[in-house]
Amino acid sequence: MIEDILDGRYRVVEKLGYGGYSTVWLAHHVCMKRYIAIKVCIANSQPREISVLRALAMHPPSSSSSSSSSRHLGQNLVPVPLDEFQLHGPNGRHSCYTTTPAMCNLREISFSRLFPIKVARALAYKLALAVSYVHSRGYVHGDIHLRNVLVKPPATFDELSVEQLREEYGDPETVPVMRRDGKRLPPGVPSKAVVPLCMGKDAKEFVPSDARVLLSDFGESFAPDLDPRLGEDCKTPVAMRPPEAFFEPGLHLSYSADIWSLATAIWEIIGMKALFSSEFVGIDEVASQQIDVLGPIPSSWFERWEARTLFFDEHGRPKKARHVWPRLNDAFEECVQKYRRKLDAGEFSREETAALLDLMRRMLSFRPEERPTTEEVLKSEWMVKWALPDFEASL
Ligand SMILES: Nc1ncnc2c1ncn2[C@@H]1O[C@H](COP(=O)(O)OP(=O)(O)OP(=O)(O)O)[C@@H](O)[C@H]1O
């Protein structure tokens, strides 16, 4: 809880977030006077993430003797594991590890209108760079979506005392934990829960230097060459999940699975609206959205897909009386450009739109082997001509 001192040196000052496997706290190192994030994993679990973070933090073998200038620029965009310890509580043993803290995740910000166009381009480039680094070290991230894309604090963040932090962001907010039947809480359940703090600002307030990306949550990461993962074991949220995970559940996923999710994340950064949606619908509906937006899937997938007759006739045409999602180019005009124009957030020129949609279409190829690699993504026309200059300006 807030104000606990963990492992004799970490003063817990705020809650940053939580997921299915952990709660993340902001702590202040009592001696070093710097902020860190502590991930407290659920009781008696064996987190796999820390070994991936350790591997990513090591220098690649080929550059061990070379200068920092030859380091992959994406290495700074993944969390650095700083320390590990264990806590013993009423529910058992909790593995804990500390990493670089962040202000918020991009999903939290996505409810606040649009990023200025230069910021959106810089964020997209940095995210692609981060994924490129992860791939260069032999890992697939496996869970790319905006809740796992964090914004790092400015370099001056550590200068804030805890009191100044509280002046800036308020005291931690708590809510009582109660049983609906009014009975006493069972042992091991805290009487208060802390509401996570979002230290981010509205998207429209972002300037290029705020685009400090941290790709987080490597809990689903895997090394395809050493530890293959089947499509059926893919845990990426359904709306960002690559289609092979659904249509070829018995096949191994590869780096290309991340490329699909990266495309959906870039789309969302640019338009603040997801390309596909699983809100109130199941995985079959999402598959039908993908076909509406991108065109036909490979015929072997279509024939094997039992639910196809709910959405398409025997010629593959959408069934009447159902909502048909707009094609990619129309979706870009209707869901991205229209709002960028209306909110004065910067519009994409015709030339840039063509380059961006060409990249999106290639990254969203149904067949994983037809998708570009991260290196090819970074060398694409849109990245080189439009995103790279704004990335450089944001440094
Ligand atoms: N280093 C960090 N700094 C700030 N906030 C963080 C940090 N790491 C994680 N968070 C916040 O905590 C939330 C949960 O973290 P994370 O997704 O890593 O946990 P998880 O238990 O693995 O979740 P999931 O169920 O999504 O796999 C994130 O969405 C993010 O908002």
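Residues numbered from 1 in each chain as written. Predicted model: local features only at pLDDT ≥ 70, side-chain atom pairs only at ≥ 80, totals over all residues. Heavy atoms only, no water.

- The protein is annotated in an unreviewed UniProt entry as Protein kinase domain-containing protein of Epichloe festucae.

A few points about the site of the ligand
Thought 1: Around the ligand sit 19 residues in total, of which Gly 20, Ser 22, Lys 39, Thr 100 and Asn 105 are the nearest.
Thought 2: Tyr 21 is positioned such that a nitrogen or oxygen atom in its backbone is 2.9 Å from an oxygen atom of the ligand.
Thought 3: The side chain of Lys 39 places a nitrogen or oxygen atom 2.5 Å from an oxygen atom of the ligand.
Thought 4: In the complex, 88% of the free accessible area of the ligand, which totals 620 Å², lies under the protein chains.
Thought 5: Broken down by secondary-structure element, the contributors of at least two residues to the shell around the ligand are strand 2 (10-18), strand 3 (22-29) and strand 4 (35-41). (Near = heavy atom within 4 Å. Polar contact = N/O pair within 3.5 Å; in protein donor to acceptor, adjacent residues only side chain to side chain. Areas by Shrake-Rupley, 256 points an atom, 1.4 Å probe, with all protein chains shown as cover. Helix = DSSP H or I, 4+ residues; strand = E, 2+ residues; numbered from the N terminus.)

Side note on the packing of aromatic side chains
Thought 1: In this structure the tally under the stated criterion is 16 aromatic pairs.
Thought 2: Between the aromatic rings of Phe 302 and Trp 305, the centroid separation amounts to 6.3 Å while the plane-to-plane angle is 65 degrees, which identifies the pairing as edge-to-face.
Thought 3: Judged by its relative accessible area of 17%, Phe 302 falls in the buried class.
Thought 4: Three or more aromatic residues link up through ring pairs in this structure, and these residues are Phe 246, Phe 247, Trp 260, Phe 276, Trp 301, Phe 302, Trp 305, Phe 311, Phe 312 and Phe 366.
Thought 5: Of note, Lys 201 hangs over the ring of Phe 206, and the distance from its end group to the ring centre comes to 5.9 Å.
Thought 6: Stacked on the ring of Phe 312, the Lys or Arg Arg 322 has its end atom at 4.8 Å from the ring centre. (Phe/Tyr/Trp six-rings, centres within 6.5 Å; stacked < 30°, edge-to-face > 60°. Buried < 20%, exposed > 50% of the residue type's maximum accessible area, 1.4 Å probe, protein only. Lys NZ or Arg CZ within 6 Å of the ring centre and 35° of its normal.)

Details of helix 7 (residues 283-294)
Thought 1: The first and last C-alpha atoms of helix 7 sit 16 Å apart over 12 residues, in line with the 16 Å expected at 1.5 Å per residue.
Thought 2: Counting buried positions along helix 7 gives nine out of 12 residues, so the element sits mostly inside the fold.
Thought 3: Residues of helix 7 that are buried: Val 286, Ala 287, Ser 288, Gln 289, Gln 290, Ile 291, Asp 292, Val 293 and Leu 294.
Thought 4: Looking at the buried residues of helix 7, the elements they touch are helix 5 (243-247), helix 6 (255-271), helix 9 (308-311), helix 10 (328-342) and helix 11 (350-363). (Expected span 1.5 Å × (residues − 1). Contact = heavy atoms within 4.5 Å.)

Brief notes about the UniProt feature "binding site: ATP" (unreviewed entry) in the protein
Thought 1: Taken from the UniProt record, the annotation "binding site: ATP" (unreviewed entry) applies to Lys 39.
Thought 2: Within the element layout of this structure, Lys 39 appears in strand 4.
Thought 3: The contacts of Lys 39, once residues within four sequence positions are left out, are Ser 22, Thr 23, Val 24, Glu 49, Ser 95, Cys 96, Tyr 97 and Asp 217.
Thought 4: Within polar-contact distance, the side chain of Lys 39 engages the side chain of Glu 49 at 2.8 Å. (UniProt positions renumbered as here; feature names shortened; annotations may be inferred.)

Details of the packing of helix 11 against helix 13 (residues 381-393)
Thought 1: In the contact formed by helix 11 and helix 13, the axes pass within 8 Å of each other and the chain directions differ by 130 degrees. Classed by the angle they form, the pair helix 11 and helix 13 counts as oblique. Crossing hand, helix 11 versus helix 13: left-handed. Note on element contacts: helix 13 touches helix 11 through Glu 381, Trp 382, Met 383, Lys 385 and Trp 386, opposite Glu 351, Glu 352, Ala 355, Leu 356 and Leu 359.
Thought 2: In terms of residue class, the contact of helix 11 with helix 13 is made up of six nonpolar, no polar and four charged. (Axes fitted to C-alpha atoms, helices over the stretch in contact; angles between N-to-C directions. Parallel < 35°, antiparallel > 145°, perpendicular 65-115°, else oblique. Left-handed = near helix turned anticlockwise from the far one by under 90°. Nonpolar A, V, L, I, M, F, W, Y, C, P; charged D, E, K, R; others polar.)

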